[in-house]
Amino acid sequence: MFRVVVGLLFTCHGLAGLFGMLGGNRGTGEAIPVGTWPNWYAALIQFVCGLLVMVGLFTRPAAILASGSMAYAYFVVHQKAGLMPIQNGGVLPALYAWNFLLIATVGAGAWSLDGLIASRRGAAPERVPEPV
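Owing to the predicted nature of the structure, the values given are computational and were not obtained by experimental measurement. (Residues numbered from 1 in each chain as written. Predicted model: local features only at pLDDT ≥ 70, side-chain atom pairs only at ≥ 80, totals over all residues. Heavy atoms only, no water.)

Now for the overall build of the protein. Scanning the protein for helices and strands turns up six helices and zero strands. Traced from its N-terminal end to its C-terminal end, the protein shows the element sequence α-α-α-α-α-α. If you line up the protein on its principal axes, its C-alpha atoms span 50 × 30 × 20 Å. By the burial criterion, 36% of the 132 residues in the protein qualify as buried. Here the analysis covers contacts within the protein between residues at least 6 apart in sequence; of these, 54% occur between residues at least 24 apart. Summed over its atoms, the accessible surface of the protein is roughly 8,100 Å², and 71% of this surface lies on carbon and sulfur atoms. Averaging the coordinates of the 7 positive side-chain charges in the protein and doing the same for the 4 negative ones gives two points 3 Å apart. (Helix = DSSP H or I, 4+ residues; strand = E, 2+ residues; numbered from the N terminus. Buried < 20%, exposed > 50% of the residue type's maximum accessible area, 1.4 Å probe, protein only. Contact = heavy atoms within 4.5 Å. Areas by Shrake-Rupley, 256 points an atom, 1.4 Å probe, with all protein chains shown as cover. Lys, Arg positive; Asp, Glu negative; His and termini not counted. Charge placed at Lys NZ, Arg CZ, Asp CG, Glu CD.)

Below, the structure written as structure tokens:
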């Protein structure tokens, strides 16, 4: 469920930036103009990677790309305003970066398209390790 919720929330950011949905880019009601660097590309990554992580398809590569884009957002955009995320407004990018890194490490799990594809190929689906 963690993967699904994080993917859904990330997808919502992409919808806002690309299509002006859900309040639009930064609450303006508008979409980001196509090709605007880096915002439009970040919104595209948010939309595509969020969907892939949510459904569990190509989960690890999508999560790594999403994590990297959020690390870029934190270090390039937010860190100029202060070191700590609470000071520079970078709490959300920092949380997303670490959440997606966790998802990339753990994998999609059995309830995912990756797991379904693996089971149909005869391979054992990824299993989330049980806590000790």
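Following the structure, the description resumes.
Let's shift gears to a nonpolar patch on the surface. On the surface, Trp-37, Tyr-41, Tyr-72, Phe-75, Val-76 and Val-77 cluster together into a nonpolar patch covering about 630 Å² of accessible area. What makes Tyr-41 partly exposed here is its relative accessible area of 35%. (Patch = residues over 30% accessible without salt bridge, like charges linked within 9 Å, V, L, I, M, F, W, Y side chains within 5 Å. Salt bridge = Lys/Arg side-chain N within 4 Å of Asp/Glu carboxyl O.)

Our focus in this paragraph is the packing of helix H1 (residues 2–19) against helix H5 (residues 91–106). Geometrically, a packed helix pair is captured by the angle between its two axes and the distance between the axes. For the pair H1 and H5, the least separation of the axes is 11 Å and the interaxial angle reads 135°. One finds that H1 runs oblique with respect to H5. For the pair H1 and H5, the sense of crossing is left-handed. Residues Phe-2, Arg-3, Val-6, Leu-9, Phe-10 and His-13 of H1 touch H5, and the partners they reach there are Leu-92, Tyr-96, Asn-99, Phe-100, Leu-102 and Ile-103. Here the contact of H1 with H5 is built from residues that sort into nine nonpolar, two polar and one charged. (Axes fitted to C-alpha atoms, helices over the stretch in contact; angles between N-to-C directions. Parallel < 35°, antiparallel > 145°, perpendicular 65-115°, else oblique. Left-handed = near helix turned anticlockwise from the far one by under 90°. Nonpolar A, V, L, I, M, F, W, Y, C, P; charged D, E, K, R; others polar.)

So, on to the nonpolar core. The biggest cluster of nonpolar side chains holds 14 residues, and the ones touching the most others in it are Phe-10, Val-53, Ala-63, Met-70, Tyr-96, Phe-100 and Ile-103. Sorting the residues of this core by element identifies H1, helix H2 (39–55), helix H3 (59–78) and H5 as the ones contributing at least two each. What Tyr-96 contacts, discounting residues up to four positions off in sequence, is Val-6, Leu-9, Phe-10, His-13 and Met-70. Residues Leu-18, Ile-32, Ala-43 and Phe-47 belong to the second largest nonpolar core, which totals six residues. (Core = buried A, V, L, I, M, F, W, Y, C linked by side-chain atoms within 4.5 Å.)

A word on the packing of H1 against H2. Where H1 contacts H2, the two axes come as close as 7 Å, and the packing angle between them is 150°. Relative to H2, the element H1 is oriented roughly antiparallel. As H1 runs across H2, the sense of the crossing is left-handed. Here H1 contributes Arg-3, Val-4, Gly-7, Leu-8, Phe-10, Thr-11, His-13, Gly-14, Leu-15, Gly-17, Leu-18 and Phe-19 to the contact with H2, which in turn contributes Trp-40, Ala-43, Leu-44, Ile-45, Gln-46, Phe-47, Gly-50, Leu-51, Val-53, Met-54 and Val-55. When grouped by side-chain class, the residues that make up the contact of H1 with H2 number 15 nonpolar, seven polar and one charged.

The next subject is unusual backbone geometry. A cis amide bond links Trp-37 to the next residue, Pro-38, at an omega of -5°. Here Pro-38 shows up in the loop between H1 and H2. Of note in this structure, Leu-22 is not a glycine but carries a positive phi near 55°. With respect to the helices, strands and loops of the structure, Leu-22 is situated in the loop between H1 and H2. You can call Leu-22 exposed: its relative accessible area is 60%. Phi is positive for Phe-58, close to 50°, though the residue is something other than glycine. Secondary-structure assignment places Phe-58 in the loop between H2 and H3. Residue classification places Phe-58 among the exposed positions, given a relative accessible area of 53%.

Geometric descriptors of this kind do not, in isolation, establish any biological role.
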